[in-house]
Amino acid sequence: MLDCAIIGGGPAGLTAGLYTTRGGLDNVTMFEKGMPGGQITMSSEIENYPGVTGHITGMDLMIPWPEQCQRFGLKHEMSEVTRVSRREDGIFRIQKSDGTEDEAKSVIVCTGSTPKRAGFVGEDTFFGRGVSTCATCDGFFYKNKEVAVIGGGDTALEEALYLAKICSKVYLIHRRDTFRSAPNTIARVKDTANIELVLNAIPEEVFGDAMGVNGIHVKLQDGSMRQIDVPGVFVFVGNNVNNQVLIQEDGTFLCDMTQWGEVKVDLSMKTSVPGLYAAGDMRAEAPKQVVCAAGDGAVAALQAIAYVDGHH
């Protein structure tokens, strides 16, 4: 019987593992089907993690985290969790892809989200070398340069406004001529002098060389092609929340979710189910930053410790 099962080994899961074990829980296992670290390991440079200076990649940032956690007793099981469910007596079942299962008194789910790809040629080839899904992470690298933003929802427009403060010009590429965003956000975008709207346009191909992205080709409504020369392309066409482990046998979710499939939590990372916590990118209104995910993990861990001490 585990005191706490942590599902996911990114910054939120690793921090939860550190705090639960160091905080007194004796039997804690983090289930991560691959190597711990999360999405951030794909970033080529990190400049905004507090206390970290100099040139450091996402992989460099995350390498020491598992060792630190395991020093306090966190166990890492390289298994894929397929479902988390809860028995009537309050004990959680952790079902795994190999057919085995574990039991736990509390669970912290940190399975994150995956940015959707737009699907244009070169998107995967140049990901991390000019193609990005995080303006806060990578925008500064394009200070006083021109960049392109792809998307038409709230996130795309908000990130375009963010980039417009850093970059000399932002091309906002959207396949329609209307936006799926708040009216005041749309108005701010249209009133921002260095944002050019490229509407009714579909990204066809990002091109570049060994150094990275050089530009993007977009197909316009009349069938013609336009080349936009930029060193950076930011894609914001939504996220797929990795919530599959919370889907029950009857197709419902174990806890309350938003309409976008994100886990509803309070400020303590508590879900609607006692003893179940969610942290990091999978929870509602997550800022999708490493430092925020780590904070979520710490908060969830402290709550899990209190829950286990009080209920078992």
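Computed from a predicted structure; not experimentally measured.

Student: When you look at the packing of aromatic side chains in this model, what are you seeing that I'm missing?
Tutor: Each aromatic ring pair is described using two quantities: the centre-to-centre distance and the angle formed by the ring planes. As enumerated under the stated definition, the model contains three aromatic pairs in all. A centroid spacing of 6.4 Å and a plane angle of 10° characterise the contact between Phe-234 and Phe-236, whose relative ring orientation is stacked. We note that Phe-234, like Phe-236, is buried. Ring pairs connect the aromatic residues Tyr-142, Phe-234 and Phe-236, which therefore count as one cluster.

Student: Even after reading the chapter, I still don't get the environment of Gly-232, so can you show me in this structure?
Tutor: Here Gly-232 is to be found in strand β16 (residues 232–235). Expressed as a C-alpha distance, the spacing of Gly-232 and Phe-141, which sit 91 residues apart in the sequence, is 8.9 Å. Excluding residues within four positions of it along the chain, Gly-232 makes contact with Gly-130, Tyr-142, Glu-146, Val-147, Ala-148 and Val-213.

Student: How should the nonpolar core be read in this particular structure?
Tutor: Taken as a class, soluble globular proteins show a tendency for nonpolar side chains to be buried jointly. Membership of the largest hydrophobic core comes to 32 residues, with the highest contact counts inside it found for Cys-4, Ile-6, Tyr-49, Leu-61, Trp-65 and Ile-108. Looking at this core, the elements with two or more residues in it are β1 (4–7), α1 (11–22), β2 (28–31), α2 (58–62), α3 (64–71) and α7 (290–311). Considering each element in turn, this core owes the most residues, nine residues, to α7. Dropping the residues within four chain positions of it, Cys-4 is found in contact with Thr-20, Leu-25, Asn-27, Val-28, Thr-29, Ser-106, Ile-108 and Ala-304. Counting 22 residues, the second-largest nonpolar core is a separate cluster that includes Phe-92, Leu-246, Ala-278 and Met-282.

Student: What should I look at first to understand a positive patch on the surface in this one?
Tutor: On the surface, Lys-116, Arg-175, Arg-176 and Arg-180 cluster together into a patch of positive charge. Assignment of secondary structure puts Arg-180 in the loop between β11 (169–173) and α6 (183–191).

Student: Any chance you could explain the sheet that holds strand β13 (residues 201–209) here in plain terms?
Tutor: Pairing between the strands of a sheet comes from backbone hydrogen bonds, and it takes one of two forms, parallel or antiparallel. Strand order in the open sheet formed by three strands is β13-β14-β15, and the pairing between neighbours is antiparallel. Lying at the two open borders of the sheet, with one neighbouring strand each, are β13 and β15 (225–228). Direction aside, the axes of adjacent strands within the sheet are offset by 25° on average.

Student: Any chance you could explain the pattern of salt bridges here in plain terms?
Tutor: Counted by the stated rule, this structure contains eleven salt bridges. Arg-87 is the salt-bridge partner of Asp-89, the closest N and O atoms lying 2.7 Å from each other. Note that Arg-283 is salt-bridged to Asp-296, the shortest N-O span being 2.8 Å. In this pair, Arg-283 is assigned in the loop between β18 (276–278) and α7 and Asp-296 in helix α7, connecting sequence segments 13 residues apart. Across the pair, Asp-296 and Arg-283 agree in class, each one buried. Linked by salt bridges that have partners in common, Glu-77, Lys-96 and Asp-102 make up one network.

Student: Can you help me understand α1 in this one?
Tutor: Each turn of an α-helix holds 3.6 residues, which means side chains three or four residues apart point in the same direction. End to end, α1 covers 16 Å across twelve residues, agreeing with the expected 16 Å (1.5 Å per residue, within 8%). Burial runs high along α1: ten of the twelve residues are buried. Among the residues of α1, those classed as buried are Pro-11, Ala-12, Gly-13, Leu-14, Thr-15, Ala-16, Gly-17, Leu-18, Thr-20 and Thr-21. Lining the buried residues of α1 we find β1, β2, α2, α3, β7 (107–109) and α7.

Student: What should I look at first to understand the sheet that holds β18 in this one?
Tutor: Strands sit in the order β3-β2-β1-β7-β18 across an open sheet of five strands; the sheet is parallel. Looking at the sheet topology across the chains shown, the edges are occupied by β3 (75–77) and β18. Looking at each pair of strands side by side, their axes are set apart by 20° on average, direction ignored. Pairing between β1 and β2: four bridges, direction parallel. Pairing of Ile-7 across the sheet is with Phe-31, part of β2. The strands that α1 touches are β1, β2 and β7; relative to β1, the one it contacts most, it runs at about 165°.

Student: Looking at this structure, how should I read the pairing of β1?
Tutor: Here is the key point about a regular strand: its side chains alternate between the two faces of the sheet. Side chains Cys-4 and Ile-6 project from β1 onto one buried face, and the interleaved Ala-5 and Ile-7 project onto a second face that is buried too. On the question of chirality, the crossover connecting β1 to the parallel β2 by way of α1 is right-handed. As defined by bridge partners, β1 adjoins β7 across three bridges and the pair is classed as parallel. Bridged to Ile-7 within β7 is Val-109.

Here is what the cut-offs are and how they apply
- Residues numbered from 1 in each chain as written.
- Predicted model: local features only at pLDDT ≥ 70, side-chain atom pairs only at ≥ 80, totals over all residues.
- Heavy atoms only, no water.
- Phe/Tyr/Trp six-rings, centres within 6.5 Å; stacked < 30°, edge-to-face > 60°.
- Buried < 20%, exposed > 50% of the residue type's maximum accessible area, 1.4 Å probe, protein only.
- Helix = DSSP H or I, 4+ residues; strand = E, 2+ residues; numbered from the N terminus.
- Contact = heavy atoms within 4.5 Å.
- Core = buried A, V, L, I, M, F, W, Y, C linked by side-chain atoms within 4.5 Å.
- Patch = residues over 30% accessible without salt bridge, like charges linked within 9 Å, V, L, I, M, F, W, Y side chains within 5 Å.
- Areas by Shrake-Rupley, 256 points an atom, 1.4 Å probe, with all protein chains shown as cover.
- Salt bridge = Lys/Arg side-chain N within 4 Å of Asp/Glu carboxyl O.
- Lys, Arg positive; Asp, Glu negative; His and termini not counted.
- Charge placed at Lys NZ, Arg CZ, Asp CG, Glu CD.
- Pairing = 2+ DSSP bridges.
- Axes fitted to C-alpha atoms, helices over the stretch in contact; angles between N-to-C directions.
- Expected span 1.5 Å × (residues − 1).
- Right-handed = clockwise from strand over helix to strand, strands pointing away.

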